Amino acid sequence: MSCADTKHQDDMTELESLYQMVNMLDYPLDDKNSEIYKKAVLVCQQQLANDGCAHLPNLIREDKIELIREQSEAVSHLANFHENKVNPYATEGNPELSESHPVNRFQTFSNGFVAKDLMPESMIIKKLYANTIFQSFIADCLGKDKIYEYADPIAGLVINVNPENTTLPWHYDTNEFIVSLMILRPEEGGEFQYSPGIRQPGDENYEEVQKILDGDLTKVKSLTLNTGDLQLFMGRFSIHRVAPAKGKRLSTLFGYAEKPGMIGRIKRTKDVYGRVTDAHIEAEKQAREDGLAG
Ligand SMILES: [Fe+2]
């Protein structure tokens, strides 16, 4: 079999797999030249340009939503839970700044994350995360040539588990953008709340962040996701949280990067997953290029 044949076979497998997961009528990911594909990408790009958040309703096949929920529930007990107090930057506080300064605002962080290496390969979300046709669509939506899976051995693809009375407080993400999929909606609340582009490289805008931490939501937007909906979000520049919820909430976070080799920082990785690997220690030596606090 030639290399070309092997490549063709891989493509077919990925494509067949995609048809088993994605609502290809509304999102024909295998037909970039179709009007429907172009429209989906355009709408997504417009939403991202407007406020850094795009909503792709019903991206997952309706008849697979229940299976995704079952598969996710089956591993949700493997989530690492931690009662931690964290500031929005997942950094240490600064005693030279006031108690009310955002850097010194420590909030309860009590939801859990199931790490990528604890998920069986047979899980639909794991197949979708690694599917290069899906990745190419996400890259198109982001206006990027290519995106890469996280090189992080335990992060990159995670299930966020929010049992009753747990919180995912105000924070920024480590990576520039995140793709999330709603798996189980809580009975009440649990909306995704965010302040678009509140900080930029070189400008933390602490004043506006402090207002939000003080409860001023005038510059905060809210998005309610249904099961099977996908969301693209620029989380490195927009502070965000999951609002308090009644009942269990499950969502999947697909982390991709613009460059290969993306690995989380040690403190945040320990906070979220309760462990780190040698790869994290090595990566810590590399300084971030944008100079932001966390
Ligand atoms: Fe986040």
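Let me sum up the structure you'll find in this document. (Residues numbered from 1 in each chain as written. Predicted model: local features only at pLDDT ≥ 70, side-chain atom pairs only at ≥ 80, totals over all residues. Heavy atoms only, no water.)

## What about the packing of aromatic side chains?
Going through the model one piece at a time under the given rule, you end up with 12 aromatic pairs. Seen in terms of ring centroids, Tyr89 and Tyr206 are 5.8 Å apart; in terms of plane orientation they differ by 80 degrees. Their pairing is edge-to-face. Of the two residues, Tyr89 sits in the loop between β3 (84–86) and β4 (107–109) while Tyr206 sits in helix α6 (residues 206–213), which places them 117 residues apart along the sequence. On the accessibility criterion, Tyr206 (28% relative accessible area) is partly exposed. A centroid spacing of 4.8 Å and a plane angle of 20 degrees characterise the contact between Tyr129 and Tyr256, whose relative ring orientation is stacked. Placement of Tyr129 in helix α4 (residues 124–130) and of Tyr256 in strand β16 (residues 249–257) is noted, with a sequence separation of 127 residues between them. With respect to class, Tyr129 is no different from Tyr256; both count as buried. Put simply, the rings of Tyr129, Phe134, Phe254 and Tyr256 pair up and form one aromatic cluster. Here the guanidinium or amino end of Arg199 rests over the ring plane of Tyr172, the centre of that ring lying 3.7 Å away. (Phe/Tyr/Trp six-rings, centres within 6.5 Å; stacked < 30°, edge-to-face > 60°. Helix = DSSP H or I, 4+ residues; strand = E, 2+ residues; numbered from the N terminus. Buried < 20%, exposed > 50% of the residue type's maximum accessible area, 1.4 Å probe, protein only. Lys NZ or Arg CZ within 6 Å of the ring centre and 35° of its normal.)

## Overview of the nonpolar core
In terms of nonpolar packing, the biggest core is built from 62 residues, with Leu29, Phe134, Phe137, Leu230, Leu232 and Phe254 touching the most fellow members. For Phe134, the contacting residues outside a window of four places in its chain are Leu18, Leu29, Leu59, Leu128, Val179, Leu230 and Tyr256. Counting 10 residues, the second largest nonpolar core, distinct from the first, contains Tyr89, Trp170, Tyr172 and Ile212. (Core = buried A, V, L, I, M, F, W, Y, C linked by side-chain atoms within 4.5 Å. Contact = heavy atoms within 4.5 Å.)

## Considerations on unusual backbone geometry
Even without a glycine there, the phi angle at Ala90 is positive, about 55 degrees. Position of Ala90 among the secondary structure elements: in the loop between β3 and β4. Its relative accessible area of 16% is what places Ala90 among the buried residues. With phi around 55 degrees, Asn205 is a residue other than glycine that occupies positive phi space. Checked against the element boundaries, Asn205 lands in the loop between β11 (192–195) and α6.

## Let's talk about the sheet that holds strand β12 (residues 221–223)
Pairing is antiparallel across the open sheet formed by 4 strands, whose spatial order is β8-β14-β11-β12. What marks the edges here is a single partner per strand, and that holds for β8 (168–171) and β12. Within the sheet, the average angular offset between the axes of one strand and its neighbour, ignoring direction, is 15 degrees. Alignment of β11 against strand β14 (residues 239–242), held across 4 bridges, turns out to be antiparallel. Pairing of Ser195 across the sheet is with Ile239, part of β14. (Pairing = 2+ DSSP bridges. Axes fitted to C-alpha atoms, helices over the stretch in contact; angles between N-to-C directions.)

## Topic: the environment of Leu59
With respect to the secondary-structure elements, Leu59 resides in the loop between β1 (53–56) and α3 (65–75). Classification of Leu59 by relative accessible area gives buried; the value is 0%. Spatially, the C-alpha atoms of Leu59 and Ile138 are 12 Å apart, while their sequence positions differ by 79 residues. Excluding anything up to four places from it in sequence, Leu59 contacts Met21, Val22, Asn23, Tyr27, Phe134, Phe137, Gly228 and Leu230.

## Re the pattern of salt bridges
Between side chains of opposite charge, pairing is possible as soon as their charged atoms come close. Across all of its chains, the model carries 15 salt bridges by this definition. Of the charged contacts, one joins Glu73 and Lys248 as a salt bridge, the two residues approaching to 2.8 Å between their closest N and O atoms. Of this pair, Glu73 sits in helix α3 while Lys248 sits in the loop between β15 (245–246) and β16, and the two are 175 residues apart along the sequence. A residue is classified by how much of its surface remains accessible, and Glu73, at 26% relative accessible area, is partly exposed. Sharing partners across several salt bridges, the network here consists of Glu66, Arg69, Glu73 and Lys248. (Salt bridge = Lys/Arg side-chain N within 4 Å of Asp/Glu carboxyl O.)

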